[in-house]
Each structure stands twice: as structure tokens, then as C-alpha cells.
Amino acid sequence: MLGTEKFSAIAVIMNSRKYSNATFEEIGHLVKAIVSLVSKCCAKGAADDCYDNGASALSAKSCDPKSPFPKHPGVGTCCLHKGLERKLCLADLKQPPKEFSTYVEQSNEEACNSFKTDAQTFSTRFLYEYSSNYAQTPLPVILNSTENYLSMVKDCCTSDKSTSCFLRKKLERQPLHLLTVMSNRLCSRFASYGEDKLKFSASIMFSQKVPSAEFKDVMTLAEQGTQVLANSCGFFTEKNIENEVWNISKKIG
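It should be emphasised that the depicted structure is a prediction, and the values quoted were computed from it without experimental measurement.

Thresholds, definitions, all that
Residues numbered from 1 in each chain as written. Predicted model: local features only at pLDDT ≥ 70, side-chain atom pairs only at ≥ 80, totals over all residues. Heavy atoms only, no water. Core = buried A, V, L, I, M, F, W, Y, C linked by side-chain atoms within 4.5 Å. Buried < 20%, exposed > 50% of the residue type's maximum accessible area, 1.4 Å probe, protein only. Helix = DSSP H or I, 4+ residues; strand = E, 2+ residues; numbered from the N terminus. Contact = heavy atoms within 4.5 Å. Disulfide = S-S within 2.5 Å. Polar contact = N/O pair within 3.5 Å; in protein donor to acceptor, adjacent residues only side chain to side chain. Expected span 1.5 Å × (residues − 1). Arc of directions from axis to C-beta. Axes fitted to C-alpha atoms, helices over the stretch in contact; angles between N-to-C directions. Parallel < 35°, antiparallel > 145°, perpendicular 65-115°, else oblique. Left-handed = near helix turned anticlockwise from the far one by under 90°. Nonpolar A, V, L, I, M, F, W, Y, C, P; charged D, E, K, R; others polar.

So what exactly am I meant to see when it comes to the nonpolar core here?
It is characteristic of soluble globular proteins that their nonpolar side chains tend to be buried jointly. Counting residues in each nonpolar core, the largest one holds 37 residues, and the members touching the most others are F122, F126, Y149 and V153. Mapped onto this core, the elements with two or more residues apiece are α1 (4–18), α2 (24–41), α4 (75–78), α6 (108–117), α7 (119–133), α8 (139–157) and α9 (162–209). With 7 residues, α8 is the largest single contributor of residues to this core. Sequence-distant contacts of Y149, that is, excluding residues within four places in its chain, are made with E105, A111, F122, F126 and R173.

Here is the structure:
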């Protein structure tokens, strides 16, 4: 349905989020193996057991001490199992998100030079760096944000008026990037604290910011804000979270 290029891009994003501390090369090896498996086994006439056998071969490769795939301390435990249990165990592994962001957006000139030299490598590396740094941002938001950035680079680096193009499109992109950063921060806190602790933390924050507020009003805001994250982190689209944040902001105001 997506085609190889789009499927590969999404595989880079999802695995960069899943293994946010992996190297670019490790993610590249894993994505290449996944795309190769899917290309072979989803082709017309492929054997019924093609995918199962291929996935078993990938899990065996993951258990090799010299595996080029992302490293995870839980691999050893998973590899004590066999068959489906091993594959499910490996699939469940996930590295913790980066403690500090390392993503630095390239200058317009740097981006264009990299894009013109090798557009595919430029795109793949950007997807890896951006997704691994905002691993807690819901997938629909990351997909939209990365697609928006790559579209901007492609349009502006091939434009006769590159500078004005970047200026205009970066202004248009700013709300989307801020949404990515904000949702990553909020969902990271929700994942770390859990619903109850985050509600308690939010009630303290609101009370400190507005000391004159009634207790019931503070708790209502804290509960509503926490519920948005409970219902949304990992699932919402960028439009949903924009609407939710706007509604909460109006109530705070």
C-alpha cells in the first residue's frame, strides 16, 4: 500500500523511536533487514511460511554476539527462549528515551548541500536523528513533522529563491515543531510519573502559579490535563492535541 520508499521511512522512524540510543548504522542494518523480509514475503507467490521463517532468521541474527542490530541488555534473556516466545520477547524490547536532546537542525546551506549530495541519505539520517530525539512524541505527530521538514528542504533547495522560501516555510512549520517538542515532553512525564503522580504534580504547579485559585478549580484542571495525556499519548493526531491544549489553555486563562 505504501510502497518501498514510504515503508522504509516509517520503519526508520519507528525503530529510531524504539531504540532511541542506537547508532545510525545499527538502525540502518535493522531497517534494511526488515524491508528485505517484507519485500520478499509480501511478493506475489511467496511461500506461506516465508515471513515466519524470515522472522525466525532475524531473531537468530539478533542473538548473535556480533549482530549489527541495536544493542539492548534484554537481548540475552530473550535469546534463552526459542521460536515464537523468543520473537515476541525481542519485539517487546525498547530502549529508554534520551535524557537530553542531541538534535540540532542544520543551517539552510548545510541542509541543501547534504540534500544535493545524497538526498536519500540526508532524509534517512534526518528521520533517525529527529525521531530518536522525540521518541515519546505520538507517531502521527512525528510522521507529519518529519514529512513537513523534508518537503520544505526539497522545495527550498531546488528553488531559485531559496532564502525567502526557507523563511516562509520555517515560519509555517514552527507550530508543528513546537507541537512535537511539547507533546514529547508531556508524554515523557506521563510515562515517567504515571497518571496519579502527574495529576498531583500538576495540581501543585497550578496552585503555585495561581495561589488565589480555588482548590476545586485547580484539581479540575489537573484532572482534565492528565486525562488528555492518559487518553492521547501514543494515539492522538496533531489536530487532536492542538484542540485539547487550546481548550485547557482557555480554561487556565
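So much for the structure itself; the text now carries on.
Looking at this model, I keep getting lost on the state of the cysteines. Mind explaining?
Cysteine pairs can be linked by a disulfide, which is a covalent bond between their two sulfur atoms. Tallied over the entire structure, the rule returns 5 disulfides. Note that C112 is cross-linked by a disulfide to C157, the S-S spacing being 2.1 Å. Handedness of the C112-C157 disulfide follows from its S-S torsion of about -90°: it is left-handed. Taken together, the residues span a long stretch of sequence, with C112 in helix α6 and C157 in helix α8 at a distance of 45 residues. Each member of the pair, C112 as well as C157, is classed as buried. A disulfide bridge connects C156 with C165, and the sulfur atoms are separated by 2.1 Å. Taking the torsion about the sulfur-sulfur bond, which here is approximately -75°, the covalent link between C156 and C165 counts as left-handed. Its relative accessible area of 0% is what places C156 among the buried residues. Residue classification places C165 among the buried positions, given a relative accessible area of 6%. For C42, which is in no disulfide, the shortest distance to another cysteine sulfur is to C41 and amounts to 6.9 Å.

Whenever I open this one, the side chain of N15 confuses me. Can you help?
For N15, the location among the structural elements is in helix α1. A residue is classified by how much of its surface remains accessible, and N15, at 9% relative accessible area, is buried. At 2.8 Å, the side chain of N15 and the backbone oxygen of A11 are in polar contact.

Is there a simple way to think about the environment of A11 in this case?
Topologically, A11 is positioned in helix α1. Note on A11: relative accessible area 7%, which makes it buried. Note: C-alpha distance between A11 and L30 (19 residues apart in sequence) is 9.1 Å.

I would appreciate a short explanation of α8 in the present structure.
Structurally, the α-helix is built with 3.6 residues per turn, so residues lying three or four positions apart point the same way. Compared with the 27 Å implied by 1.5 Å per residue over 19 residues, the 27 Å span of α8 between its first and last C-alpha is a close match. Among the residues of α8, V141, I142, S145, T146, Y149, L150, M152, V153, C156 and C157 are the ones counted as buried. Within α8, the buried residues cover an arc of 150° as seen down the axis, which keeps them to one side.

Got a minute to help me understand the packing of α1 against α2 in this structure?
Helix packing for two helices is described by the angle between their axes and how far apart those axes are. Between α1 and α2, the least distance of the axes is 10 Å, while the angle of their chain directions is 135°. It follows from the interaxial angle that α1 and α2 lie oblique. Of the two elements, α1 crosses α2, and the hand of that crossing is right-handed. Mapping the contact onto sequence places T4, F7, S8, A11, V12, N15 and S16 in α1 and I27, L30, V31, I34, V35 and V38 in α2. Residues that form the contact of α1 with α2 fall into these classes: 9 nonpolar, 4 polar and no charged.

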